[in-house]
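What follows is the residue order along each chain.
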Protein chains: 2
Amino acid sequence: MRPKIYLFGDSITEVSFADGGWAASLSNHFSRTVDVVLKGHSGYNTRWALKVAERIFPPVGSGGAPALAVTVFFGANDACLSDRYAAFQHVPLHEFKQNLNSLISFFKKRWPETVILLITPPPIDEDARLRHPYMENPSGLPERTNEAAGAYAQACISVAKECGCPVLDLWTKIQEFPDWKEVLMACTLLRLATGIVFEEVVKILKEQGLSPENLPTEAPLFSDIDPEDPLKAFEGY
Amino acid sequence: MRPKIYLFGDSITEVSFADGGWAASLSNHFSRTVDVVLKGHSGYNTRWALKVAERIFPPVGSGGAPALAVTVFFGANDACLSDRYAAFQHVPLHEFKQNLNSLISFFKKRWPETVILLITPPPIDEDARLRHPYMENPSGLPERTNEAAGAYAQACISVAKECGCPVLDLWTKIQEFPDWKEVLMACTLLRLATGIVFEEVVKILKEQGLSPENLPTEAPLFSDIDPEDPLKAFEGY
């Protein structure tokens, strides 16, 4: 069996196979040696991630496959401000650290030899958040700030150091580029993928009954999560 | 366990996660429902594919995972002309059909419920083959022709029909575009993937000892296959 690299995270992970995405590049890089497997969950914070981890990554004896590595890339949603429109995604800083610790413990127990690579949330372009809100936002205030994202990035780094895990400080790395706001948009924007083969394969698979809309989702979709009662969608997990 | 879609093929499959590639788009399309798993082997023909299929796709009881679908995308190398520089990749048309039949039988036995989607080889831009040879070519003649690729595409279609499998006639589909030679180049050209996250993740994984050059390859690389004795690299499979 070819070894795997799992990519566990939020929307930045979920869209990472979109045109020019980083996971696609990673798959290409390891194309002959590793299966790169996407486990991205748009809108998730670490609290919700902990709810689904057990099911997403079954024990090796129960059909699960051990991993060479897993990227743990959360925090962007945890860092939503607690008094803005996305407050239902907010996770307090101390709980964020606890949750990251719990995720690391889970993976270390599941796969003792696996590299657990933490990735900090990226910086926030607050103007862009206002230009492209994902919910109605009459307040005129962004739902997340760069300062808050930086605090969660620092927390992520400190947890990684405590646990002896490698960490990618994306918050700092991106801001080293003078034009980072444009770079960030290019990294996270969900561009609709096109191409002859893609469209044709999708069409034929759909004819065979295989399309995303008639396959069960592994974990609740962001659209299935009630902002008023987010944990409800996870009952039974 | 999340179901899988396997992509089994030659270099057009192997590079399909490169920037803008079709497998990346497919992964993105199914990002919440299916693991799209790359099994691309640059330079392979159907004869070699048959040699490695058993190991690449282990039985479900032995750690292998059943698939929702598998794309079988060979023929471009089989169609290399038998009297040109890439003759060692050539597989006669009647054997190509037999081999496709054998691959379909293998998958049907392995996973009785799985959709087996055949994809024909693409058309050949003969001028481009001369401009970009992958081996020394003093003959001034292309190692493959569009006519030959068309014959293999027709054979692929007839096998698919005999076996009741869906088929994507890529040879015809691409040529419906007036500017297909440019489209083809855009589809198959291996563009080096870039991007901040990709480069950083690769760097850190490499620091952890995880990089393609120190991981075993699942099946022989094209560079490991001796044009004089291609089957030698497959001894032990």
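Cut-offs used in this document
- Residues numbered from 1 in each chain as written.
- Chains lettered and ligands numbered in written order.
- Predicted model: local features only at pLDDT ≥ 70, side-chain atom pairs only at ≥ 80, totals over all residues.
- Heavy atoms only, no water.
- UniProt positions renumbered as here; feature names shortened; annotations may be inferred.
- Axes fitted to C-alpha atoms, helices over the stretch in contact; angles between N-to-C directions.
- Helix = DSSP H or I, 4+ residues; strand = E, 2+ residues; numbered from the N terminus.
- Parallel < 35°, antiparallel > 145°, perpendicular 65-115°, else oblique.
- Left-handed = near helix turned anticlockwise from the far one by under 90°.
- Contact = heavy atoms within 4.5 Å.
- Nonpolar A, V, L, I, M, F, W, Y, C, P; charged D, E, K, R; others polar.
- Salt bridge = Lys/Arg side-chain N within 4 Å of Asp/Glu carboxyl O.
- Buried < 20%, exposed > 50% of the residue type's maximum accessible area, 1.4 Å probe, protein only.
- Pairing = 2+ DSSP bridges.
- Core = buried A, V, L, I, M, F, W, Y, C linked by side-chain atoms within 4.5 Å.

- Named according to an unreviewed UniProt entry, chain A is ISOAMYL ACETATE-HYDROLYZING ESTERASE 1-like protein originating from Salix viminalis.
- For chain A, the Sequence similarities (unreviewed entry) comment in UniProt is given as "Belongs to the 'GDSL' lipolytic enzyme family."

So, the packing of helix α3 (residues 46-56) of chain A against helix α4 (residues 93-110) of chain A
Residues and elements named next belong to chain A.
Move 1: The N-to-C vectors of α3 and α4 enclose an angle of 20°; their axes lie 9 Å apart at closest approach. When the axis of α3 is compared with that of α4, the two are roughly parallel. As for how α3 packs across α4, the hand of that crossing is left-handed. Residues Thr46, Arg47, Ala49, Leu50, Ala53 and Glu54 of α3 form the contact with α4, whose own contacting residues are Glu95, Phe96, Asn99, Leu100, Ser102, Leu103, Phe106 and Arg110.
Move 2: Class assignment of the residues belonging to the contact of α3 with α4 gives a composition of 7 nonpolar, 3 polar and 4 charged.

What to know about the pattern of salt bridges
Move 1: Going through the model one piece at a time under the given rule, you end up with 14 salt bridges over all chains.
Move 2: The shortest N-O distance in the salt bridge between Asp35 of chain B and Lys39 of chain A comes to 3.5 Å. Of the two residues, Asp35 of chain B is situated in strand β2 (residues 35-40) and Lys39 of chain A in strand β2 (residues 35-40); the pairing between them involves two chains.
Move 3: Looking at Lys39 of chain A, the relative accessible area reads 2%, which means it is buried.
Move 4: With its nearest N and O atoms 2.8 Å apart, the salt bridge here joins Glu95 of chain B to Arg47 of chain B. With a gap of 48 residues between them, Glu95 of chain B in helix α4 (residues 93-110) and Arg47 of chain B in helix α3 (residues 46-56) connect regions that are remote in the sequence.
Move 5: Through salt bridges with shared partners, a single network forms among Lys4 and Asp35 of chain A together with Lys39 of chain B.

Examining the pairing of β2 of chain B
Residues and elements named next belong to chain B.
Move 1: Within β2, 6 of the 6 residues are buried, leaving the element largely enclosed by the surrounding structure.
Move 2: As defined by bridge partners, strand β1 (residues 4-9) adjoins β2 across 6 bridges and the pair is classed as parallel. Counted as the bridge partner of Phe8 is Lys39 from β2.

Quick look at the nonpolar core
Move 1: Counting 45 residues, the largest nonpolar core has Leu7 and Phe17 of chain A together with Leu7 and Phe17 of chain B as its most contacted members.
Move 2: Those residues in contact with Leu7 of chain B, other than ones at most four positions away along the chain, are Thr13, Trp22, Ala23, Leu26, Val36, Val37, Leu38, Lys39, Gly40 and Thr71 of chain B.

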